[in-house]
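Structural description and commentary
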Amino acid sequence: MGKGFFHVPTAVNEPIKDYAPGSSEREEVLEQYRSYFNGSVDVPLYIGSEEIKTGNTKPMSPPHDHKHIVGQYHVAEKAHVTKAIDNCLASRSAWADLTWEQRAAVFLKAAELIAGPYRAKINAATMIAQSKNIYQAEIDAACELIDFLRFNVEYMSQIYDEQPESAKGIWNRVEYRPLEGFIYAITPFNFTAIAGNLPASAAMMGNVVVWKPSDSQVFSAKVIVDIFKEAGLPDGVINVVYGDPVMITETVLASPDFAGIHFTGSTHVFKELWKQIGNNIHTYKTYPKIVGETGGKDFIIAHPTAKPQQVATAIVRGSFEYQGQKCSAASRVYLPKSLSKEILESVKKDIASFKKPGSPEDMSNFITAVIHEGSFDKLAKYIDQAKTDENAEIIAGGNYDKSKGYFIEPTVILTTDPKYTTMETELFGPVVTIYVYEDKDWSETLKLVDTTSEYALTGAILATDRYAIDEATLALQNCAGNFYINDKPTGAVVGQQPFGGARASGTNDKAGSAQNLLRWVSPRLIKETFVTPTDYRYPFLG
Ligand code: NAD
């Protein structure tokens, strides 16, 4: 604490720009997109004050134009990972002991840089690296990352303000120490905001970090690094390495100073990480904090009293925005027979109105490419299987083409088997599977929703009957960490709907909340006694 109880600026959600034709923001982002697309960036490792070019490089290409190269990034060897850890530890005490308002100022400045001079850059980089259309880039890379930074600063100050009672003659105080060691942040491809937030939230609380972005997101990760540097984040606080995830992770988790992991990605990877940490437990100086937000098989269930057009819109937006590559995307849907025909007709009509998937540079494209060839091939395999399986039928989409970009048509599978493979398995693409239930089986269908998948991330119920809403809210209480009533299951906003799920979907530490930040501190209670006793005898002994 400095010399005052400082109040941070009240956090407000960053307004979303609409990028309408002719607007200056649209022109600016398109100009930046073309400049990046026609340029060639060389992305180094960022370790301490050094930008290291190892010479062992990998090319970067937009998923919607995979033969086109927009630059390269340098791959770390084991020695670089060790160097990143050493730099963390060398930087730790200066950063951990810096007064909190100085740390807050760095991240508040980063938020303002994104809102202003870096907005077009971070959006254009996200359009190129992750094939987001401009609206999806704006709500993620610009707005959500700004919100994470602003709201977390506010939560941080609330945490510091949380203090114990003090009885007469003593003063109790708690200080929220950073963890003793360093944090390892591993981030997924699908949200630039998550990529920025996982290292930043731990660093904000005074920790030092080794950050490993996804190979598919390095292009936009570089812009995040540029922003943190310009915001004045000291060298060595966040050290960035890319390359073989297994080698990097083994090296990091072998360090006795490893103090916590902040992971977002798939369930099987997280389970492996947990196992490795368990195997190394005797190595560590402190019990590591383990935070992971992982996979989902998110649902929509409509009650017979739902409004068909609302259900159709929830399905189309919830399943296909960003090509279904949101962890919250709806991918299994339960419709009552009485409404199913009208809802399905409407969904098919909406899908028919989409243009064929294409580049985000053409702003009339709602759907662009999926992230990489591995994802494309997996999705194509499930689509082909649905074409031949007797208990499944493709009622919309079903085509794919990877000759230029990894394009998968938004696809709807109708199944007669509520446990059909695509009702259970996370596909992470623009494919939704629908099961039609008999209206009288509503309560049974709620049980099906609860027991069909190992995940519990997001889910939505649409109904107008209050008793049905109440019944579903109770019956589905453990199968979604974010539960939506009469809305789509996507689009959580920082500060409004803290995000995360349980079961195989993660540790539910709610990104963008005080709960998450508390994982990155180790409180120290300090009791000070003003008149210290001088005789051991208590009165009862007399
Ligand atoms: P991924 O698991 O393939 O990769 C995530 C990160 O883990 C990347 O940085 C990757 O390089 C790294 N990684 C991969 N294999 C590893 C290994 N063996 N050891 C250590 N690190 C390894 O996930 P992805 O494809 O980038 O992202 C999609 C997944 O993330 C989906 O399952 C999605 O549901 C999930 N996700 C969840 C949330 C959430 O909040 N619950 C948010 C976004 C994404």
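The model shown is predicted, which means the values in this text are computed figures rather than measured ones.

Moving on: the packing of aromatic side chains. Across all of its chains, the model carries 18 aromatic pairs by this definition. Note on Y73 and Y242: the rings are 5.7 Å apart at their centroids and 75 degrees apart in plane angle, and the pair reads as edge-to-face. Here Y73 is found in strand 5 (residues 71–74), whereas its partner Y242 is found in the loop between strand 9 (238–240) and helix 8 (245–253), with 169 residues between them in sequence. On the basis of relative accessible area, Y73 is assigned to the buried category, the value being 3%. An angle of 90 degrees between the planes, with centres 5.8 Å apart, marks the rings of F376 and Y400 as edge-to-face. Pair noted here: F376 is in helix 12 (residues 373–388) and Y400 is in strand 15 (residues 400–401), with a separation of 24 residues, a long-range link. Taking the relative accessible area as the measure of exposure, F376 reaches 3% and is therefore buried.

To summarise the sheet geometry, strands pair through backbone hydrogen bonds and adopt either a parallel or an antiparallel arrangement. Taken together, 3 strands build an open sheet; the order of strands is 1-5-4 and the sheet is mixed. This sheet does not close on itself; its edge strands, each paired only once, are strand 1 (41–43) and strand 4 (57–60). Sheet twist, expressed as the average angle between the axes of neighbouring strands with direction ignored, equals 20 degrees. Relative to strand 5, strand 1 runs parallel, the two being bridged by 3 bridges. Note on strand 5: the bridge partner recorded for V41 is G71. Running at roughly 75 degrees to strand 1, helix 7 (residues 218–230) makes contact with strand 1, strand 4 and strand 5 of the sheet.

Our next topic: the pattern of salt bridges. Scanning all chains against the criterion turns up 28 salt bridges. A salt bridge links R119 to E14; the nearest nitrogen and oxygen atoms lie 2.7 Å apart. With R119 in helix 4 (residues 119–130) and E14 in the segment before helix 1 (24–38), this residue pair connects regions lying 105 residues apart in the sequence. One exposure class covers both R119 and E14, and it is buried. A salt bridge links R519 to D509; its shortest N-O distance comes to 2.9 Å. Residue R519 is found in the loop between helix 16 (514–518) and strand 23 (521–529), and its partner D509 is found in the loop between strand 22 (502–503) and helix 16; the two are separated by 10 residues along the sequence. Residue R519 is classed as partly exposed on the basis of its relative accessible area of 22%. Since its relative accessible area comes to 7%, D509 is described here as buried. Three or more residues joined by partner-sharing salt bridges are found here, namely E14, E112, R119, E138 and R150.

Rules and cut-offs
- Residues numbered from 1 in each chain as written.
- Predicted model: local features only at pLDDT ≥ 70, side-chain atom pairs only at ≥ 80, totals over all residues.
- Heavy atoms only, no water.
- Phe/Tyr/Trp six-rings, centres within 6.5 Å; stacked < 30°, edge-to-face > 60°.
- Helix = DSSP H or I, 4+ residues; strand = E, 2+ residues; numbered from the N terminus.
- Buried < 20%, exposed > 50% of the residue type's maximum accessible area, 1.4 Å probe, protein only.
- Pairing = 2+ DSSP bridges.
- Axes fitted to C-alpha atoms, helices over the stretch in contact; angles between N-to-C directions.
- Contact = heavy atoms within 4.5 Å.
- Salt bridge = Lys/Arg side-chain N within 4 Å of Asp/Glu carboxyl O.

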